[in-house]
Amino acid sequence: MKVAVIGCGTIANAAHIPSYMNNPEAEIKYFCDIIPERAQAAVEKYGCGTAIVDYHEVLADPEIEAVSVCTPNNVHATIAIDALRAGKNVLCEKPAARTYEEAKKMQEVQHETGKILNIGVVNRFNDSVNLIKKYIDDGKLGEVYHVYASFRAHRSIPGLGGAFTTKEIAGGGALIDWGVHYLDIVMYCCGDPVAKTVSGEVFSKLGVDMKGYAYKDMWAGPPKFDGIYDVDDSVIAMIRTDGPTITVHGAWAQNIGENEQYIDFIGDKAGIRLQYGKDFTIYTAEHGALVEYKPQFKMRDHFQNEIDAFINCCKTGEKLPSHIDTNILTSRMMQAIYDSAEQHREIVLE
Ligand SMILES: NC(=O)c1ccc[n+]([C@@H]2O[C@H](COP(=O)([O-])OP(=O)(O)OC[C@H]3O[C@@H](n4cnc5c(N)ncnc54)[C@H](O)[C@@H]3O)[C@@H](O)[C@H]2O)c1
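All of the points below concern the structure found in this document. What you see is a predicted model; the values in this text were computed from it and never measured. (Residues numbered from 1 in each chain as written. Predicted model: local features only at pLDDT ≥ 70, side-chain atom pairs only at ≥ 80, totals over all residues. Heavy atoms only, no water.)

### What to know about the overall build of the protein
Here comes step 1: A tally of helices and strands in the protein yields 10 helices and 15 strands.
Here comes step 2: Radius of gyration (C-alpha) of the protein: 20 Å, near the 20 Å computed for a compact globule of 350 residues.
Here comes step 3: Summarising its shape, the C-alpha atoms of the protein cover approximately 65 × 50 × 40 Å along the three principal directions.
Here comes step 4: Of all 350 residues assigned to the protein, the portion counted as buried reaches 55%. (Helix = DSSP H or I, 4+ residues; strand = E, 2+ residues; numbered from the N terminus. Rg over C-alpha atoms; globule rule 2.2 N^0.38 Å. Buried < 20%, exposed > 50% of the residue type's maximum accessible area, 1.4 Å probe, protein only.)

In structure tokens form, the structure reads like this:
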């Protein structure tokens, strides 16, 4: 199956391209990037494909069946929609888009065209997350009434002044960039509960004084002091659903010297703490004694699982858990958190 990778930056090189290269059925025909050197570097590094600057040329090639959209968030919707309309199946990186409105438009076009549109919520292909989903589905936790998601870093704003901290490009900060994964895991494991009310606050505090910002970690590029910083660096939220109540505490940067990246699924029979991207612990009581254990299992590369499933569903038409129809719920929830924060009141979603 001939595929193209649109956007040849960090995630393309770290995950999409190597995973396509490992898939015996996929062949990368184009590496596309508006920075020609990046597309050319991929051709040279991976020894296949043609470098191209304009994604429309990729879409005009009838041999191309599927594309990965690995660009910054501001062009996810435009490129994904153009690709669907050109008859291509699409795996678009997370978040689906900058806003719920943009994501809804993507969903509409997916429904119109019938082509596949999956969002890169890669944790739906993570073995740990899938095992937790089984424990919950099997009733091992009893009623899961509360889920607490914590994605807090000490001082770790990415690429200060660049694409990640510019709302026009990214759509938001810590919530849309990290929160999308955490909320998506909660939704997946809890059977996509319907959000009823959302109350949230977002803060843009530590990066505002760009030159004065001392940091522990600056991933996604060096600071650009003449750039823009107008996104959230932390978020708190409470979401009531027809399933568990979800509370969220997230921060790219906080004046607390801990990195806490976990999700607690709290049930009346047992609870699970998932260490994000890693393993998990189950807490329960048996015969009057407190018990905790850590299941041992083999963790495969979730990006490889995601790409393999994408290639396969392009052939079979199978609807994957990462389909836009499920991810749209996370998009709506995140939008409601931003709306609630802007209006300083609870948002009722019905
Ligand atoms: N799934 C994950 O865990 C994960 C991790 C990191 C990033 N991401 C997502 O992947 C996306 C890209 O992030 P990144 O860190 O790789 O960014 P990046 O800046 O490293 O790479 C993006 C690339 O897209 C190119 N580009 C921009 N506009 C383009 C266009 N119109 N046509 C073709 N190429 C274009 C840029 O030149 C750049 O090379 C973001 O949406 C991000 O949220 C997901």
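Once you've had a look at it, read on.
### As for unusual backbone geometry
Here comes step 1: Of the consecutive residues Lys 94 and Pro 95, the connecting peptide bond is found in the cis state with omega at -15°.
Here comes step 2: Positionally, Pro 95 belongs in the loop between strand 5 (89–92) and helix 5 (100–113).
Here comes step 3: Unusually for a residue other than glycine, His 344 sits at a positive phi of about 50°.
Here comes step 4: Considering the arrangement of structural elements, one finds His 344 in the loop between helix 10 (324–343) and strand 15 (347–348).
Here comes step 5: Among the residues examined, His 344 registers a relative accessible area of 58% and is labelled exposed.

### Topic: the packing of aromatic side chains
Here comes step 1: Scanning all chains against the criterion turns up 9 aromatic pairs.
Here comes step 2: Centroid distance Trp 178 to Trp 219: 5.9 Å. Interplanar angle 5°. Geometry classified as stacked. With Trp 178 in helix 8 (residues 174–189) and Trp 219 in the loop between strand 8 (195–203) and strand 9 (234–241), the pair connects residues that are 41 residues apart, well separated along the chain.
Here comes step 3: Against the face of Tyr 262 rests Arg 273, its NZ or CZ located 3.7 Å from the ring centre. (Phe/Tyr/Trp six-rings, centres within 6.5 Å; stacked < 30°, edge-to-face > 60°. Lys NZ or Arg CZ within 6 Å of the ring centre and 35° of its normal.)

### So, the state of the cysteines
Here comes step 1: Applying the stated criterion across every chain yields a total of 0 disulfides.
Here comes step 2: Take Cys 92: it sits in no disulfide, and the sulfur closest to it among the cysteines is that of Cys 70, at 8.4 Å.
Here comes step 3: Since its relative accessible area comes to 0%, Cys 92 is described here as buried.
Here comes step 4: Left without a disulfide partner, Cys 190 is nearest to the cysteine sulfur of Cys 189, which lies 6.3 Å away. (Disulfide = S-S within 2.5 Å.)

### Some remarks on the sheet that holds strand 12 (residues 270–275)
Here comes step 1: Pairing in this open sheet of 9 strands is mixed, and the strands run 14-13-12-11-7-10-9-8-15 from one edge to the other. One side of each edge strand has no neighbouring strand; the edge strands of this open sheet are strand 14 (289–293) and strand 15.
Here comes step 2: Here helix 8 sits on the sheet in contact with strand 7 (144–152), strand 9, strand 10 (245–251), strand 11 (260–267) and strand 12, set at roughly 25° to strand 11. (Pairing = 2+ DSSP bridges. Contact = heavy atoms within 4.5 Å. Axes fitted to C-alpha atoms, helices over the stretch in contact; angles between N-to-C directions.)

### Some points on the site of the ligand
Here comes step 1: The local shell around the ligand holds 21 residues, among which Ile 11, Asp 33, Arg 38, Asn 73 and Lys 94 are the closest.
Here comes step 2: In this structure, an oxygen atom belonging to the ligand sits 2.6 Å away from a side-chain N or O atom of Arg 38.
Here comes step 3: The fraction of the free accessible surface of the ligand (860 Å²) that becomes covered by protein chains is 83%.
Here comes step 4: Sorting the residues of the shell around the ligand by element identifies helix 1 (10–22) and helix 4 (76–85) as the ones contributing at least two each.
Here comes step 5: Partitioning the shell around the ligand into residue classes produces 9 nonpolar, 8 polar and 4 charged. (Near = heavy atom within 4 Å. Polar contact = N/O pair within 3.5 Å; in protein donor to acceptor, adjacent residues only side chain to side chain. Areas by Shrake-Rupley, 256 points an atom, 1.4 Å probe, with all protein chains shown as cover. Nonpolar A, V, L, I, M, F, W, Y, C, P; charged D, E, K, R; others polar.)

### A closer look at the environment of Lys 269
Here comes step 1: One can find Lys 269 in the loop between strand 11 and strand 12.
Here comes step 2: In this structure, the C-alpha to C-alpha distance between Lys 269 and Thr 284, residues 15 residues apart in sequence, is 6.5 Å.
Here comes step 3: Contact partners of Lys 269, with chain neighbours within four places excluded, come to Gly 139, Lys 140, Leu 141, Gly 142 and Thr 284.

### Some remarks on the pairing of strand 7
Here comes step 1: Most of strand 7 sits inside the fold, with 7 of its 9 residues counted as buried.
Here comes step 2: Sheet analysis places strand 7 next to strand 11, joined by 8 bridges and oriented antiparallel. Bridged to Val 144 within strand 11 is Gly 267.
Here comes step 3: Taken together, the 7 bridges between strand 7 and strand 10 define a ladder with parallel strand orientation. Note on strand 10: the bridge partner recorded for Arg 152 is Ala 251.

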